Amino acid sequence: MIELSSDPYVLKTRITPLTEADFRVHLNINWCRGVLFNVVAMKNSIAVVEYDAILWSDDSIMFIEYKDSPAAYKDLSSRRVQQMNSLAKNIARGLGFKSFSFVVVVKDLEEAASKGGVEVIPLVDLGSYQPEFISSISELEYLDKMIARYSREGEVQFVLDLEKLRKVLEMEQS
């Protein structure tokens, strides 16, 4: 078994259920450098969340939750999806990835949807799915909001200073 540490989380792999065979067949791994299936994130030796797949490239990581039926997807609460997304961001940041993506994949789902602010796609679309990565660095997100706000207010010099700060932070992350 593989084990990764992303303080305060420990990621451990576990045995993959047979119901996920279709999921693996449809998974597009051309863009990534590595994949782990059925990863349990533990905090203080307690399982917090399980992702059915984690894929990564040099600076981005993608977390996938798979549901093998629309009924199983409907049983998944929006609150739980938001929690899984938030934990994915924290884990991505802890592992040193600049950006992350979290998506829910559902077998036999008719069309793409959104739940808890997270993209939900049909299994048949997974092979051609191109993830949209977002920053795992909260400070940069907040800085973007400040730049947008002060741009609307016409504070040109302050916006330029904030953009310089953003570039410095991005360079430190490289």
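Cut-offs and rules
Residues numbered from 1 in each chain as written. Predicted model: local features only at pLDDT ≥ 70, side-chain atom pairs only at ≥ 80, totals over all residues. Heavy atoms only, no water. Helix = DSSP H or I, 4+ residues; strand = E, 2+ residues; numbered from the N terminus. Buried < 20%, exposed > 50% of the residue type's maximum accessible area, 1.4 Å probe, protein only. Contact = heavy atoms within 4.5 Å. Areas by Shrake-Rupley, 256 points an atom, 1.4 Å probe, with all protein chains shown as cover. Lys, Arg positive; Asp, Glu negative; His and termini not counted. Charge placed at Lys NZ, Arg CZ, Asp CG, Glu CD. Expected span 1.5 Å × (residues − 1). Arc of directions from axis to C-beta.

Below, the discussion takes up the overall build of the protein. A count of helical and extended segments in the protein gives five helices and nine strands. Reading the protein from its N terminus to its C terminus gives the helix and strand order β-β-α-β-β-β-α-α-β-β-β-β-α-α. C-alpha extents for the protein along the principal axes are approximately 60 × 35 × 30 Å. The buried share of the protein, taken over its 174 residues, is 40%. In the protein, of all internal contacts separated by at least 6 residues, the share reaching a separation of at least 24 is 58%. Split by element, the accessible area of the protein, about 10100 Å² in all, is 50% carbon and sulfur. Charge-centre separation for the protein: the mean point of 20 positive side chains lies 4 Å from the mean point of 26 negative side chains.

Glancing now at helix α4 (residues 138–152). An ideal rise of 1.5 Å per residue puts 21 Å on 15 residues; α4 measures up with 22 Å between its terminal C-alpha atoms. Burial in α4 covers these residues: L140, L143, M146, I147 and Y150. The buried residues of α4 occupy one face: seen down the axis, they fall within an arc of 115°. Exposed side chains of α4 directed beyond 90 degrees from the buried face belong to Y142, K145 and R152.

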